[in-house]
Amino acid sequence: MAGWRQLTDLLAELPIRPEAPLMVHASLSGTGLSPTRVRDALLDALGPRGTLVVPAFTPENSDSSRAHRALVAHLSAQEAEAFRASMPPFEPDATPCPSMGALAECVRSTPGAVRSDHPQTSLAAIGPRAGELLAGHDPRCHLGERSPLAKLYAADAQVLLLRVGFEVCSAFHLAEYRMTPPPPPRLYRCVVGDKGNWFTYEDLTLDDGDFAEAGARLPDELLVRREWSGRPVTLFGMRAAVDDVRDQLSRSRLRNDVK
């Protein structure tokens, strides 16, 4: 019960706005709490008007992702090709998101949850605004203007990093789309519709390698910092943080390109 009480006390202390969507990234290892209990605590903190959002990404559904390369690393070329041909398509209502952690999978699989349609970078949500915020996720736009991230930004969402750092903050990908200049395009491939039906599309080259550094440079006044079960907890408004990181990346990545 101690872990549960600590979590509920923490959430009660944080300035979570019930009318605003809350996007959560979490690591529950070592807390002693099940993802179901953490999900319910977050929903209680949000109240009946709140909407809980999590990343439900499926990087495994791609032959160019780190996740896919790890799956086939021990296979021969022939075995890897057979594995690729047998990969199941993305199904919003059924495909798990194992690399996103226990809370994300719990939210995704909760009866009544909504999930966006992108075959690699979907989001899942529970709450009265879930359908509105996650509708119309363009399969050719990972996390930009035609994705739920843009709607969350417009809705003045908050972001909660629960025992994780800025390196996993998906909201910062929206800042990449808004950089000047934007990142270069690249091709992505994933399986949709039927087994073996590979869909190729072009989108921006996304890179979270400098997100931790960008988060560390955010002004203190944008952040509310606490701790839970030995790890940091950070709450912030998505708009101000994305705007700041957009400006940071526009400067820092341009300098790196020049070098």
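Shown above is the structure to which this text applies.
Residues numbered from 1 in each chain as written. Predicted model: local features only at pLDDT ≥ 70, side-chain atom pairs only at ≥ 80, totals over all residues. Heavy atoms only, no water.

Further remarks concern the sheet that holds strand β2 (residues 52-55). The strand order β3-β4-β2-β1-β5-β9-β8 describes an open sheet built from seven strands, whose pairing is mixed. On the outer flanks of this sheet lie β3 (114-115) and β8 (223-228), each paired with one strand and no other. Both β8 and strand β9 (residues 231-237) contribute to a ladder of six bridges, which runs antiparallel. If you follow Glu227 over to β9, its bridge partner there is Pro232. (Pairing = 2+ DSSP bridges. Helix = DSSP H or I, 4+ residues; strand = E, 2+ residues; numbered from the N terminus.)

Before going further, it helps to spend a moment on unusual backbone geometry. Cis geometry is adopted by the peptide bond preceding Pro181, which originates at Thr180 and carries an omega value of -5°. The topology assignment puts Pro181 in the loop between α8 (172-177) and β6 (185-191). Of note, Asp156 is a non-glycine position whose phi angle comes to about 60°, a positive value. Within the secondary structure layout, Asp156 lies in the loop between α7 (148-154) and β5 (158-162).

Here Val168 lies in the loop between β5 and α8. Along the primary structure Val168 and Phe211 are separated by 43 residues, whereas in three dimensions their C-alpha atoms are 7.6 Å apart.

In this section: the nonpolar core. Counting 37 residues, the largest nonpolar core has Leu123, Leu149, Leu152, Phe172, Phe236 and Met238 as the members making the most contacts within it. For this core, the secondary structure elements donating two or more residues are β4 (123-126), α6 (130-134), α7, β5, α8, α9 (211-216) and α10 (238-258). Among the elements that line this core, the one with the most residues is α10, at five residues. The contacts of Phe172, once residues within four sequence positions are left out, are Phe166, Phe211, Gly215, Leu218, Phe236, Ala241 and Val245. Membership of the second largest hydrophobic core comes to 29 residues, among which are Leu10, Val38, Val54 and Leu162. (Core = buried A, V, L, I, M, F, W, Y, C linked by side-chain atoms within 4.5 Å. Buried < 20%, exposed > 50% of the residue type's maximum accessible area, 1.4 Å probe, protein only. Contact = heavy atoms within 4.5 Å.)

Okay, the pairing of β6 next. In the case of a regular strand, side chains alternate between the two sheet surfaces. Note that β6 and strand β7 (residues 198-204) share seven bridges and pair antiparallel. From the neighbouring strand, Arg186 faces β7, where its bridge partner is Asp203. Hairpin connection from β6 to β7: six residues lie between these consecutive antiparallel strands, with Gly193 at a positive phi of about 80°.

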